[in-house]
Each structure stands twice: as structure tokens, then as C-alpha cells.
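Okay, here's what each chain looks like letter by letter:
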Amino acid sequence: PYQSMIIKFDKGPAPRPAKEIKRTEIALGDWTLKFPTRTLPNVSLIAWKDLPGSEEEKAYSGAATYVTRFTLDEVPPRLWLDLGRVEAFALVKLNGVEVRKLWCLPYKCNLSGYAKKGENVLEIEVTSTWHNRLTYDLRQPVEKRKTWTTGGASAKSQFKDSGLFGPVKLTAHDAAERL
């Protein structure tokens, strides 16, 4: 929703049939979720507001990092990552190197050239909007508020979903392919 694209139709000859590409999904390990003030191991990909914690922790707005690991016996020619659903912005790193910033659908990127044989560490830093923190603060006495705004959220607003929801898929391809 709320996106657009430009599609160009060429009047050239009909394209040749595409070569069949072998795809293999690679298993990811458990996820660890790192907030600035706490770390949650073996976390499910659910909304931050639904994680265990205080009401203020559920209202967290900002960036948190999901970390998982996977092992490759051989490095495939192409390696694609599909994050599924993200609310709202994602920064993808593989083995400590920034790969791509993803801010709209599709939350997908090419990891080719960043993977290595053996263990790989995948980090997805997700940044949310301020909505939940503003909502939380508007429910607090004025002297306890950390944020202020002239519009948007209200004390009656519900917390919105924030985080990485997936399903996250890592797929090895045996040939070059466009996303």
C-alpha cells in the first residue's frame, strides 16, 4: 500500500524462456533482540508491544537489533534475503558489514558477496516511529513525560506494531537472478 512504480514495456522481440533456477532455503538460527537497555534471547518475531516487559518497555520507540546466525557449506552464487513484514525501517548487516537500508516493500536484498563459508552473522536493525513513546508519555503525569508533541498520538491511542515480523527467508540461488 501507498507505493508506486514505473513499468516500461519494450516493443522488442519476445523474451527467451527463462532458465530454471535452483533455489534452496537456508535455515536461520534463533533470534536475539537487542534494545539499548535489555537483550532478549530466543525471541519470537512479534510486535515489541507484545514482548514481556513493563508498559514503558512495550512503548519503546527507536532502534533495536535482531541477530541470528546461519552456516554455509559453500558460498552460493546468489543469496537473497526476504524480511517479510517490517515496521518501519530496516538496516541489514551481514558479518558486520552494512548491506542495505530497507524502508518500504519489498523488504528484500541481495546478500551476494557478503556471505562466507562457515558461520555467518545476520543483523537486522529495525527502527520504529515515535508513535508508541508519544502515546505512553501522554498517559503519564506531565512531570514524568520524556517527549512532547503538538499533534499525532493521544493518550487514548493504541500502541502500534513495531519490529520485525517476517517470515524471514534466506534463499540460495544457483544463478544470477533479479529481485
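Before reading on, note that the structure itself is shown above.
Keep in mind that what you see is a predicted model, and the values were worked out from it rather than measured.

**Student:** Which residues make up the overall build of the protein chain, and what values do they have?
**Tutor:** When helices and strands are counted, the protein chain shows two helices and 12 strands. Counting helices and strands in the order they occur from the N terminus, the protein chain gives β-β-β-α-β-β-β-β-β-β-β-α-β-β. The C-alpha atoms of the protein chain give 20 Å as radius of gyration, which overshoots the globular expectation for 179 residues (16 Å, by more than 25%). Taken over the C-alpha atoms alone, the protein chain extends approximately 65 × 45 × 20 Å along its principal axes. Contacts in the protein chain between residues far apart in sequence, at least 24 positions, make up 71% of those at least 6 positions apart. Accessible surface computed for the protein chain: about 11500 Å², of which carbon and sulfur atoms make up 53%. In the protein chain, 28 side chains carry a positive charge and 21 a negative one; their mean positions are 5 Å apart.

**Student:** Help me get a handle on the sheet that holds strand 9 (residues 108-110), residues and values and all.
**Tutor:** Taken in spatial order, the four strands line up as 1-12-5-9 in an open sheet, and their pairing is antiparallel. The outermost strands of the open sheet, each flanked by one partner alone, are strand 1 (23-26) and strand 9. Each neighbouring strand pair of the sheet contributes to a mean axis angle of 25°, computed without reference to strand direction.

**Student:** Tell me about a nonpolar patch on the surface, and name the residues and values.
**Tutor:** A cluster of nonpolar residues, Met 5, Ile 7 and Phe 9, forms a patch on the protein surface that exposes about 430 Å² of accessible area. Along the chain, Ile 7 turns up in the segment before strand 1.

**Student:** Residue-level account of the sheet that holds strand 3 (residues 39-43), with values.
**Tutor:** In spatial order, the strands read 3-2-4-10-7-8; together these six strands make up an open sheet with antiparallel pairing. Among the strands making up the open sheet, the edge pair consists of strand 3 and strand 8 (97-102). Averaged over all adjacent pairs, the angle separating strand axes in this sheet is 20°, with direction ignored.

**Student:** Can you explain the state of the cysteines? Please cite residues and give values.
**Tutor:** Evaluated as defined, the whole model comprises zero disulfides. Between Cys 109, a cysteine without a disulfide, and Cys 104, which holds the nearest cysteine sulfur, the sulfur-to-sulfur distance is 13 Å.

**Student:** How would you sum up the side chain of Arg 133? Please name residues and give values.
**Tutor:** Take Arg 133: it is sitting in helix 2 (residues 131-138). Filtering out sequence-adjacent residues up to four positions away, Arg 133 remains in contact with Glu 56, Ala 59, Ser 61, Lys 146 and Thr 147.

**Student:** So what's going on with helix 2? Residues and values would help.
**Tutor:** Counting buried positions along helix 2 yields seven of eight residues, so the element is predominantly enclosed. Residues of helix 2 that are buried: His 131, Asn 132, Arg 133, Leu 134, Thr 135, Tyr 136 and Asp 137.

**Student:** Which residues make up unusual backbone geometry, and what are the values?
**Tutor:** Residue Ala 88 is reached from Glu 87 by a cis peptide bond, and omega for that bond is 15°. Position of Ala 88 among the secondary structure elements: in the loop between strand 6 (85-87) and strand 7 (89-94). One non-glycine residue with positive phi stands out, namely Asn 95, at about 55°. Relative to the helices and strands, Asn 95 resides in the loop between strand 7 and strand 8.

Rules behind the numbers
Residues numbered from 1 in each chain as written. Predicted model: local features only at pLDDT ≥ 70, side-chain atom pairs only at ≥ 80, totals over all residues. Heavy atoms only, no water. Helix = DSSP H or I, 4+ residues; strand = E, 2+ residues; numbered from the N terminus. Rg over C-alpha atoms; globule rule 2.2 N^0.38 Å. Contact = heavy atoms within 4.5 Å. Areas by Shrake-Rupley, 256 points an atom, 1.4 Å probe, with all protein chains shown as cover. Lys, Arg positive; Asp, Glu negative; His and termini not counted. Charge placed at Lys NZ, Arg CZ, Asp CG, Glu CD. Pairing = 2+ DSSP bridges. Axes fitted to C-alpha atoms, helices over the stretch in contact; angles between N-to-C directions. Patch = residues over 30% accessible without salt bridge, like charges linked within 9 Å, V, L, I, M, F, W, Y side chains within 5 Å. Salt bridge = Lys/Arg side-chain N within 4 Å of Asp/Glu carboxyl O. Disulfide = S-S within 2.5 Å. Buried < 20%, exposed > 50% of the residue type's maximum accessible area, 1.4 Å probe, protein only.

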